[in-house]
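Given next are the chains, with one letter for each unit.
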Amino acid sequence: MGRVVHIDKDLVAASATPLVLGILADGESYGYAILKRVNDLSGGRMQWTDGMLYPLLHRLERLGLVVASWGTSEAGRRRKHYALTPTGRDALAERQQQWTVVADVLQRVWQSAQAPAARPAVAEGWA
Amino acid sequence: MPAATPENGHEQLEAQIDQWRSYVQRRRAISAADVDEMEDHLRGQVADLAATGLDDDEAFLVAVRRMGNLDAVSREFAREHSDRLWKQLVLVPDGPAQDAAPAWRELAVVLALAVGAGIAAKIGLAAFDADSVLLRNLPLLTAPFLAGYFVWKRRVAWRVVAALLVPYALLAVVLNVYPYVETGSTVLIAALHAPVVLWALVGVTYMGGRWRAEEPRMDFARFTGELVVYVALLALGGGVLLGLTAAVLGLVGVDIEDAMGNWIMPFAVPGAVVVGAWLVEAKQDVVENIAPVLTRVFTPLTTVMLLVTLVVLLGAGDLTAADRDLLILMDAILVLVLCLLLYSVSARDPLARPGWFDGLQLLLVVAALAVDAVALTAMLTRIAEFGFSANKVAALGLNLLLLVHLARSGWLLLGFARDRRPFGALIRWQTRFLPVYAVWAAVVVVGFGPLFGFA
């Protein structure tokens with residue numbers, strides 16, 4: 001697992017939505033599983049404050065990008081599942097486009113300029 | 001909350017999770033469902049951490065830490081669900097089916113009782129022609145439906161219901177069998193005092209028959225205040241609705257005045273009381289009580305009003321010329337002051353230290369007593385000159401009761417403000433004195449007719 005990199009709050013906020021939508025594009029999931037997936041995908045370098053995921057999911061639900069339904073976990077507990085809606089799929093495509101452009105531009109900038117000195121990671125989380 | 005199934009040896013963890021739940025649940029922006037969702041997360045995290053070799057305790061601590069600073073998380077929830085900061089009244093919860101069934105059943109019972117009260121009022125309107133007969137009987141017709149709701153809701157024992165039917169029947173007989181003079185004042189006095197007795201009987205059903213205990217009595221006082229506020233709001237809303245309907249129908253030449261008097265009012269008024277009672281019951285622990293909030297606003301204003309009245313009365317000179325309306329007005333003022341006091345007391349934390357509002361209340365009580373002393377002196381001289389009448393005795397009796405109630409309240413309040421007495425003494429005095437009004441009302445209804453020759 002890689003080292004946890006402290007990511008600026010605004011950047012986390014901006015990237016969280018496409019990340020969650022992207023994970024849900026693979027099929028419906030629930031809070032903890034989404035978080036674990038972020039962890040796996042980033043190789044442990046990106047860690048969220050777990051509690052913050054839920055207000056985000058609720059916001060996406062309110063915007064109609066995902067639908068939530070209550071089911072039961074393997075242990076028989078109440079578990080809230082989220083699935084992507086067609087609107088969510090459109091939103092994801094749009095975000096993907098935007099991020100591709102941003103990432104592409106940034107990549108070119110990094111290549112042309114000297115890479116910034118790597119800073120040691122000090123903290124984790126959003127805040 | 002779904003039933004927890006603690007695996008063997010994890011009681012400690014279950015206790016910790018329970019504690020965490022109740023801690024999180026205290027945040028208003030985080031609903032019970034959100035806590036369920038986060039608990040599922042927490043348990044998943046704990047299980048994964050335990051699988052890597054941590055013991056329950058360590059795994060729990062790490063999982064809670066990863067959940068993040070609760071203040072920040074709850075702020076984020078509040079941003080997404082700002083409506084939750086306004087407490088929501090859920091009349092019919094849309095939760096799991098087994099919870100929803102009783103709620104729907106309650107709604108059905110309430111509506112049936114409201115319609116029943118309307119039908120009873122309608123029958124009363126058709127059966128009794130004289131106004132005063134109707135006035136005497138309408139509360140008698142409505143009260144059983146309200147009481148019936150509490151009998152159903154609190155599962156009041158049939159023994160209690162039977163015991164309540166005796167005074168109810170007596171009241172009905174007295175009100176209808178006494179040979180009142182139609183234009184006399186005793187019939188009006190009886191009609192005005194009967195609802196107080198009926199309200200006490202409804203109170204016994206509200207308390208589920210535990211009328212001797214003091215805490216339920218205070219609950220009934222709270223309920224009464226909230227019901228008044230709710231019925232007033234329902235009346236306002238209903239009035240607007242009817243006004244608009246009447247205006248629109250008036251444009252096409254349909255006059256709903258007849259329908260209003262014959263059908264809408266007989267059903268709307270008793271129905272509003274029953275539905276209001278249900279609303280107060282349903283919102284009990286969701287919405288802040290309104291009556292105490294109103295007392296905060298009106299206590300200082302009433303104090304100013306009383307001080308002005310006092311100055312004017314003292315400057316007016318001879319008050320013996322004032323008629324008995326003065327006494328009735330004084331009763332109204334004292335009732336208002338008493339309600340202000342009662343509802344502030346009902347909402348106050350008995351353990352809180354005396355503060356400026358207690359001082360303000362004391363000033364209010366003292367001002368009310370001073371105004372009443374002036375008015376009472378004038379009235380007593382007048383009664384000494386012209387003799388007693390049913391009206392005067394009824395007003396005077398109520399005035400004396402209010403005076404005793406307020407004077408002792410003022411005394412206890414003074415003791416509390418000076419740190420000599422606990423606040424509980426004031427609360428106990430309120431709840432102990434309330435039944436006296438019902439007894440007095442019963443005496444007036446039963447005794448005043450024969451005493452004053454039904455005139």
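Description of the structure in this document.

About the criteria used
Residues numbered from 1 in each chain as written. Chains lettered and ligands numbered in written order. Predicted model: local features only at pLDDT ≥ 70, side-chain atom pairs only at ≥ 80, totals over all residues. Helix = DSSP H or I, 4+ residues; strand = E, 2+ residues; numbered from the N terminus. Buried ≥ 20, exposed ≤ 12 C-beta atoms within 10 Å, placed from the backbone. Contact = placed C-beta atoms within 7 Å. Pairing = 2+ DSSP bridges. Axes fitted to C-alpha atoms, helices over the stretch in contact; angles between N-to-C directions. Parallel < 35°, antiparallel > 145°, perpendicular 65-115°, else oblique. Left-handed = near helix turned anticlockwise from the far one by under 90°. Nonpolar A, V, L, I, M, F, W, Y, C, P; charged D, E, K, R; others polar. Core = buried A, V, L, I, M, F, W, Y, C linked by C-beta atoms within 7 Å. Domains from an automatic or database assignment.

What to know about the overall build of chain B
No. 1: Each helix and strand counted, chain B has 15 helices and 0 strands in total.
No. 2: The buried share among the 455 residues of chain B stands at 31%.
No. 3: Of all intrachain contacts in chain B linking residues separated by at least 6 positions in sequence, the fraction that spans at least 24 positions is 80%.

Section: the sheet that holds strand 1 (residues 29–30) of chain A
Residues and elements named next belong to chain A.
No. 1: Reading across the sheet, the 3 strands line up as 1-3-2 and stay open at both edges, with antiparallel pairing between neighbours. At either end of the open sheet lies a strand with only one pairing partner, and these are strand 1 and strand 2 (66–72).
No. 2: Packed onto the sheet, helix 3 (residues 53–62) meets strand 2 and strand 3 (78–84) and runs at close to 120° relative to strand 2.

A closer look at the packing of helix 9 (residues 214–251) of chain B against helix 10 (residues 257–283) of chain B
Residues and elements named next belong to chain B.
No. 1: Packing of helix 9 against helix 10 brings their axes to within 8 Å, and their N-to-C directions diverge by 140°. By the criterion of interaxial angle, the relationship of helix 9 to helix 10 is oblique. Viewed along their axes, helix 9 and helix 10 form a crossing whose handedness is right-handed. Contact residues: Phe223, Glu226, Leu227, Tyr230, Val231, Leu234, Ala235, Gly238 and Leu242 in helix 9; Met260, Ile264, Ala268, Ala272, Val273, Val275, Gly276, Ala277, Leu279 and Val280 in helix 10.
No. 2: Class assignment of the residues belonging to the contact of helix 9 with helix 10 gives a composition of 16 nonpolar, 2 polar and 1 charged.

Here's the deal with the interface of chain A and chain B
No. 1: Chain A puts 18 residues into the contact, and the matching count from chain B is 21 residues.
No. 2: Of all the elements in the fold, those that place two or more residues in the side of chain A that touches chain B are helix 2 (31–41), helix 3 and strand 3 of chain A.
No. 3: Sorting elements by how many residues they give to the side of chain A that touches chain B places helix 3 of chain A first, with 4 residues.
No. 4: Its residues assigned to classes, the side of chain A that touches chain B shows 5 nonpolar, 7 polar and 6 charged.

Some points on the nonpolar core
No. 1: In this structure, Leu146(B), Tyr149(B), Leu201(B), Val274(B), Val337(B), Val365(B) and Ala368(B) are the most contacted members of the largest nonpolar core, which totals 84 residues.
No. 2: Here this core takes 12 residues from helix 8 (residues 186–206) of chain B, the largest share from any one element.
No. 3: Built from parts of two domains, this core gets at least three residues from each of domain 2 (102–283) and domain 3 (291–421) of chain B.
No. 4: Beyond its immediate sequence surroundings of up to four residues, Val365(B) is in contact with Val337(B), Leu341(B), Leu406(B), Ser409(B), Gly410(B) and Leu413(B).
No. 5: In this structure, Leu19(A), Leu24(A), Met52(A) and Leu65(A) belong to the second largest nonpolar core, which totals 32 residues.

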